[in-house]
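# Architecture at a glance
Read off the chains here:
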Amino acid sequence: MASSGGDAKLFARVSSTSQHTRLPMPSAMFLPHYIPPPGYSSAYSPYFRSAQGKVAELRLELHSGGKKDKNHAAKKIALKKIVANMTMSNNDMVALFPDIVGCMEIPSLEIKKMCFLFLVNYARMKPEDMNDANPLVRALALRTMSYIHVREFVEATVPPTKQLLRDADPYVRKTAAFCVAKLYDHDRHLVESSDLIDRLNSMLRDDNPTVVASALASLMDIWERSDAIKLTIDYGNASKMVQILPDCSEWGQTYILEALMSYVPQETSEALLLAERISPRLSHSNSAVVLTCIRVILYLMNYIADQKQISILCRKLSPPLVTLLAKGPEVQYLALRNALLILQRRPEVLRNDIRVFFCKYNDPIYVKVTKLELIFMLATEKNIEEVLTELREYATEIDVHFVRKSVRAIGKLAIKIEPAARRCINTLLELVATKVTYIVQEATVVIRNIFRKYPNQYESIISTLCENLDSLDEPEAKAAMIWVIGQYASRIENSDVLLEDFLYSFADEPVEVQLALLTATVKLFIQRPTKGQELVPKVLKWATEDTDNPDLRDRGYMYWRLLSSDMATAKAIVMGEKPPITAESEKLDPDTLEEMCLNVGTLATVYLKPVQQVFRSARPRKLTDSPALQKHNLPTANGLDGQKSLSAFGMGNQPAIRPPQMNGNGNLAAAVDAADEFFAGVGSQQMGAMHINGQEDGFGGSPTVGRGEMQYVVNQHAPDQVYQPAMGGGSNGDLLML
């Protein structure tokens, strides 16, 4: 099996269609299918007894020896007997074919030579199997030949493949079409120099839908591997493919739908008509057909101008996604991960179906967590009461991991839906009142984020948090509580005492907590100098002298110099207005979102990663430009949030910070130059004057600072069309278009 993502999918589906495609099975075609009459005993046939007995005896010898036989002496002796019976005694040893293939993996030159001799001998002696009267035998014979990656076999397979591509039986033609792709995997130059690709193209006009689907799958697989072949599908070809969809098997329908992703509509009407014609596939019982159909419809929407028609198509996508949730947990998970992606691109899908994503008691944890993310995405001011009631129940379950994510979801909803913030906070306070340690810690983290979103609004709950300081033993929860104490030191009467309690274990805390303590102590000193004048020198000395962490040391030096120069400037910087935060941190960046929507139903959507990060050799996908492409409606044109993070609640992620808007013309370079000029103006005398507690501990140094008539779907030896978007030379530069 090839290593690329498309190749893996093709041959995985072949094996799903017929389990007898595994390598050892085709050897059954060579067995003498002798069926004796009823009551007849094989004991009365000396030929039958001797032939079968000898093969069985040699098979036992071939598998003897075990691990103790490190030199494979027993196998060598058995192989010599097999070769002797095959060449000198003219006995039929073909029944040992699967056993011989298994021996080819042994790293012994002598054994490999005898195995190759066996294979080549029977490749020459059994050409009649390609002309057998039984079509199953003909197909199995060709399939077996194509699976042997030996030059002699590959070259010998080309003539019978050409012959069987025109076989009278459709099953044989279908098998021959797949064998062309397998031969291309073995020797692409041999296939390209022959007319096999042209023969595959001609099979697209076959009367049998299964044969057409198989030929199309083979062409798609060849195109995925080749740099010298261009894939071009016009409306005529696409229309014919859609026409035969109902007559194909489920995997045939998947092949055809995937091929439609290479069709580029030139007019809006073409895209709309094609989307309407394939929409009945959304009700198919096979999940692969449904998800592939959803992918094609999402792709065609990019070429439809009428927003009313797009809304109609979006409403059609909701029921199939909901139906997939009635299947097994694995299919549920795949559908849910794809729903996360679809909602980011088309929010109107599933807009009114939030109840179907409520968790069941017997759902696996990975399904529950994904449903939780979808509930958060679908929550609005209208359904917030229902959502909070559901999340409140989740927060009382046994699974700690799920409870933590539920609590964090409540806090994120307070940030997402401002009118519901008070209700979310009240729910969090109810959970804090349970005194369950992990609930209190998670609530502390999300309340910190709520304070950042709504400064000076909900400070009345600080006292409740301070009552539960003893429950905090995790770094993230400690850092959150320390931030609250430092930020609101002027409103917390005993803020200096609370910070001093945390400072007792400063040296033993993780860096995350140490950084929070350093910043909180400086904030205390700025807001209440008399309360913090004893703590600041001590903490700065620890941070700059008693630690090896460079981040902590750098921040300590920065605060030291800042406080030594100008307290007004220090207050403006440390206590200044912070950029607003948002809860939409799990949104993909526009470029990734655009690419991922072209890969719905693949493994890449499970990870929500670009295809080339999942399959390194996979061909990247990008929307191809055409007169019908609605560029103004693409994610890259809408300027979605560029913040990208894992789509998980509580995986160390913080809500995304929106960058502050630049003044005037937004000249960032000018701002950078002004900052450099400022730091360059800080003289060595000013640096040397920095001291604390009367000690002259100065710290020198400076901060580091076309459309036409097409007869074939694949045109061999044609250059690929490359679309060069109007953009800078970034990481998403020239990408090969589908």
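What you see as residue numbers is a count from 1 along each chain, following the sequence as written. Two thresholds apply to this predicted model, a pLDDT of at least 70 for residue-level local features and 80 or more for giving and counting side-chain atom pairs, whereas whole-chain, interface and lining totals are computed over all residues. Excluding hydrogens and water, the side-chain values take into account all heavy atoms of the structure.

The way it works is that DSSP assigns letters per residue, a run of H or I at least four long becomes a helix, a run of E at least two long becomes a strand, and they are numbered from the N terminus. When its secondary structure is counted, the protein chain shows 36 helices and six strands. Between buried and exposed lies partly exposed: a residue is buried under 20% and exposed over 50% of the maximum accessible area for its type, with that area taken using a 1.4 Å probe on protein chains only. Burial analysis of the protein chain (738 residues in total) assigns 51% to the buried set. Areas reported as accessible are Shrake-Rupley estimates using a 1.4 Å probe. Residue values count occlusion only from the protein chains shown. For the protein chain, the exposed surface amounts to about 34,900 Å²; the carbon and sulfur share of it is 52%.

The next subject is helix α28 (residues 535–545). Of all the residues in α28, the buried ones are L535, V536, P537, V539, L540, A543 and T544. Taken together, the buried residues of α28 touch α25 (495–503), α26 (511–527), α27 (529–532) and α29 (550–565). Whether two residues are in contact is decided by their heavy atoms: any pair within 4.5 Å suffices.

On to the nonpolar core. By size, the foremost hydrophobic cluster in this structure holds 210 residues, and its most contacted members are I82, L260, I278, I294, L413 and F451. Counting five residues, the second-largest nonpolar core is a separate cluster that includes F178, W251, Y255 and A288. Nine residue types can take part in a nonpolar core, namely buried Ala, Val, Leu, Ile, Met, Phe, Trp, Tyr and Cys, and a core is a set of them joined through side-chain atoms within 4.5 Å.

Any Lys or Arg side-chain nitrogen found within 4 Å of a carboxyl oxygen on Asp or Glu counts as a salt bridge. In the structure shown here, the tally under the stated rule is 24 salt bridges. The partner of K80 in a salt bridge is E110, and the shortest N-O contact between them spans 3.6 Å. Taken together, the positions of K80 in helix α3 (residues 73–87) and E110 in helix α5 (residues 109–125) put the pair 30 residues apart, joining distant regions of the chain. According to the relative accessible area criterion, E110 is partly exposed, its value standing at 34%.

Its identity is not glycine, yet H72 carries a phi of approximately 60°, on the positive side. Relative to the helices and strands, H72 resides in the loop between α2 (46–62) and α3. The exposure class assigned to H72 is partly exposed, which follows from its relative accessible area of 25%. In the Ramachandran plot, L350 falls in the positive-phi region, its phi being about 65° despite a non-glycine side chain. With respect to the helices, strands and loops of the structure, L350 is situated in the loop between α17 (329–345) and α18 (365–378).

Stacked, edge-to-face and tilted are the three classes for Phe, Tyr and Trp ring pairs, Trp counted by its six-membered ring, which pair at centre distances within 6.5 Å; planes under 30 degrees apart are stacked, over 60 edge-to-face, the rest tilted. Under the criterion given, the structure shown has nine aromatic pairs. On the basis of an interplanar angle of 85° and a centroid distance of 5.9 Å, the ring pair of Y454 and Y458 is categorised as edge-to-face. Judged on exposure class, the residue Y454 and its partner Y458 are both buried. When the ring centre of F376 is taken as origin, the NZ or CZ atom of K412, which lies over that ring, is 5.5 Å away. In this structure, K416 is placed above the aromatic ring of F376, and the distance from its NZ or CZ to the ring centre is 4.9 Å. Here, over-ring charges are defined by two tests on the NZ atom of lysine or the CZ atom of arginine: distance to the ring centre within 6 Å, and angle to the ring normal within 35 degrees.

Glancing now at α25. Of all the positions in α25, only S495, D496, L498, L499, F502 and L503 are classed as buried. An end-on view of α25 places all buried positions within 160° of arc, on one side of the element. Looking at the buried residues of α25, the elements they touch are α23 (462–466), α24 (475–487), α26, α27 and α28. Relevant arc is that of directions from the helix axis to the C-beta atoms, nothing else.

All axes are obtained by fitting lines to C-alpha atoms, using only the stretch in contact for helices, and the reported angles, taken between N-to-C directions, cover 0 to 180 degrees. Where helix α10 (residues 196–203) meets helix α11 (residues 209–225), the axes come as close as 8 Å, and the angle between the chain directions of the two elements is 140°. Judged by the inter-axis angle, α10 sits oblique to α11. Here α10 runs over α11; the crossing is left-handed. Contact with α10, carried on its side by I197, L200, N201 and M203, involves V211, V212, A215, S218, L219 and I222 of α11 and no other residues of that element. Among the residues making up the contact of α10 with α11, the classes are represented as eight nonpolar, two polar and no charged. An angle counts as roughly parallel when it lies under 35 degrees, as roughly antiparallel when it exceeds 145, as roughly perpendicular when it falls between 65 and 115, and as oblique in every other case. Note on convention: the crossing is left-handed when the near helix lies turned anticlockwise from the far helix by less than a right angle, right-handed when the turn is clockwise. Under the scheme applied, nonpolar residues are Ala, Val, Leu, Ile, Met, Phe, Trp, Tyr, Cys and Pro; charged residues are Asp, Glu, Lys and Arg; polar residues are all the others, including Gly.

Moving on, we come to the environment of D207. For D207, the location among the structural elements is in the loop between α10 and α11. Judged by its relative accessible area of 78%, D207 falls in the exposed class. In this structure the C-alpha to C-alpha distance between D207 and P170, which are 37 residues apart in sequence, comes to 9.3 Å.

Tracing the backbone through its elements, the reader meets Q441 in helix α22 (residues 437–453). Given a relative accessible area of 2%, Q441 falls into the buried group. Nitrogen and oxygen atoms within 3.5 Å of one another constitute a polar contact, given that in protein one can donate a hydrogen and the other can accept it, and given that sequence-neighbouring residues count only through two side-chain atoms. In this structure the side chain of Q441 is engaged in a polar contact, spanning 2.6 Å, whose partner is the backbone nitrogen of D473. Setting aside anything within four residues of it in sequence, one finds Q441 in contact with R404, S471, L472, D473, E474 and A477.

A separate point is the side chain of S406. With respect to the element layout, S406 can be found in helix α20 (residues 400–416). Judged by its relative accessible area of 0%, S406 is buried. Polar contacts involving the side chain of S406 include one to the main-chain carbonyl oxygen of F402, which spans 2.8 Å. Discounting chain neighbours no more than four positions away, the residues touching S406 are L372, L391, Y394 and A395.

Another point: the packing of helix α7 (residues 151–164) against helix α8 (residues 170–186). Between α7 and α8, the shortest axis-to-axis distance is 10 Å and the interhelical angle comes to 150°. In terms of axis orientation, α7 runs roughly antiparallel to α8. Handedness of the α7/α8 crossing: left-handed. For the pair formed by α7 and α8, the contact residues are V154, T157, V158, T161 and L164 on the first element and V172, R173, A176, V180, L183 and H186 on the second. Classifying every residue of the contact of α7 with α8 by side-chain character gives seven nonpolar, three polar and one charged.

We now examine the confidence of the model for the protein chain. Confidence scores here are pLDDT values: one per residue, from the predictor, ranging 0 to 100. Considering every residue of the protein chain, the mean pLDDT works out to 77; 78% of them sit at 70 or more. In this model residues 1–49 is a low-confidence stretch, pLDDT under 50, and it forms 69 contacts with partners more than four residues away in sequence or in other chains. Within the model, pLDDT remains below 50 along residues 678–738, and this stretch shows 111 contacts once partners closer than five positions in the same chain are excluded.

Residue placement: S146 occurs in helix α6 (residues 135–147). On the accessibility criterion, S146 (1% relative accessible area) is buried. Placed 32 residues apart in sequence, S146 and F178 show a C-alpha to C-alpha distance of 9.4 Å.

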